[in-house]
Amino acid sequence: QVQLVESGGGLVQVGGSLRLSCATSGRPLSAYTIGWFRQVPGRERLFVAATSWDDGTVYADSVKGRFTISRDNAKNTVYLQMNSVKPEDTAVYYCAATGSIYTTRMTDYSYWGQGTQVTVSS
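Residues numbered from 1 in each chain as written. Predicted model: local features only at pLDDT ≥ 70, side-chain atom pairs only at ≥ 80, totals over all residues. Heavy atoms only, no water.

Aromatic ring pairs: the centre-centre distance and the angle between the two ring planes describe each pair. One pass over the full model with this rule turns up six aromatic pairs. With 5.6 Å between their ring centres and 75 degrees between their planes, Phe37 and Phe47 make a pair best called edge-to-face. Separated by 10 residues along the polypeptide, Phe37 in strand E4 (residues 33-39) and Phe47 in strand E5 (residues 46-51) bring together distant segments of the chain. Each member of the pair, Phe37 as well as Phe47, is classed as buried. Aromatic side chains Tyr94 and Trp112 sit 6.4 Å apart centroid to centroid with 75 degrees between the ring planes, which places their arrangement in the edge-to-face category. Taken together, the residues span a long stretch of sequence, with Tyr94 in strand E9 (residues 91-98) and Trp112 in strand E10 (residues 111-112) at a distance of 18 residues. Owing to a relative accessible area of 14%, Tyr94 belongs among the buried residues under this scheme. Taken together, the aromatic side chains of Phe37, Phe47, Tyr94, Tyr109 and Trp112 make up a single cluster linked through ring pairs. (Phe/Tyr/Trp six-rings, centres within 6.5 Å; stacked < 30°, edge-to-face > 60°. Helix = DSSP H or I, 4+ residues; strand = E, 2+ residues; numbered from the N terminus. Buried < 20%, exposed > 50% of the residue type's maximum accessible area, 1.4 Å probe, protein only.)

Before going further, it helps to examine a nonpolar patch on the surface. Nonpolar side chains collect at one region of the surface, where Trp53, Ile101 and Tyr102 lie side by side and expose about 270 Å² of accessible area between them. Looking at where Ile101 falls in the secondary structure, it is placed in the loop between E9 and E10. (Patch = residues over 30% accessible without salt bridge, like charges linked within 9 Å, V, L, I, M, F, W, Y side chains within 5 Å. Areas by Shrake-Rupley, 256 points an atom, 1.4 Å probe, with all protein chains shown as cover. Salt bridge = Lys/Arg side-chain N within 4 Å of Asp/Glu carboxyl O.)

The sheet built from four strands is open, its strands ordered E1-E3-E8-E7 with antiparallel pairing. Of all strands in the sheet, those with a lone pairing partner are strand E1 (2-7) and strand E7 (67-72), marking the two edges. Going across the sheet, the axis of each strand differs from the next one's by a mean of 15 degrees, ignoring polarity. Pairing of strand E3 (residues 18-26) with strand E8 (residues 77-82), which is carried by six bridges, proceeds in the antiparallel orientation. Residue pairing in the sheet places Cys22 in a bridge with Val78 of E8. (Pairing = 2+ DSSP bridges. Axes fitted to C-alpha atoms, helices over the stretch in contact; angles between N-to-C directions.)

Here we come to the pattern of salt bridges. Here the structure, examined in full by the defined rule, presents four salt bridges. Across the salt bridge formed by Arg105 and Asp108, the nearest N and O atoms sit 2.9 Å from each other. Salt bridges sharing common partners tie together Arg38, Arg66 and Asp89.

Our next topic: the environment of Lys75. For Lys75, the position within the fold is in the loop between E7 and E8. Along the sequence, Lys75 and Pro28 sit 47 residues apart, while their C-alpha atoms lie 9.7 Å from each other.

The next thing to look at is the nonpolar core. Core analysis: the biggest nonpolar cluster contains 32 residues, and Ile34, Trp36, Leu80 and Tyr93 have the highest contact counts within it. Put simply, the parts of the chain that give this core at least two residues each are E1, E3, E4, E5, E7, E8, E9 and strand E11 (116-121). When residues of this core are assigned to their parent elements, the largest contribution, five residues, is made by E9. (Core = buried A, V, L, I, M, F, W, Y, C linked by side-chain atoms within 4.5 Å.)

Taken across its seven residues, E4 has six buried, putting it largely inside the fold. Note that E4 and E5 share five bridges and pair antiparallel. Residue pairing across strands places Trp36 opposite Ala49, the latter belonging to E5. In textbook terms, the turn of a hairpin is the stretch between consecutive antiparallel strands, and for E4 and E5 this stretch comprises six residues, one of which, Gly42, has a positive phi near 85 degrees.

Below, the structure is given as structure tokens:
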């Protein structure tokens, strides 16, 4: 099993930057694909980005070129660097872990953090 804790959320202005962190514990981070998802109240949870154990990455079209996911296996932490943020990036951001590679499907992820709120103000 793996436990995940998100941090780094907050209030940011349009066009600004924010870095989210996902700290893991339990089994080594290198054993998992870690994904970021986001959810607005009343809406479905959507895929944002993922990084697999081979350091490969995949992104949702809505964040390509603006967000960067990275992992530090020594620190058991995954980061989501958010640049050029837009109002539509406002959501609760969750990190999650799966043994599958490169999956963007929420149902493939078995372990979830509690989420961190990101609010983009205009």
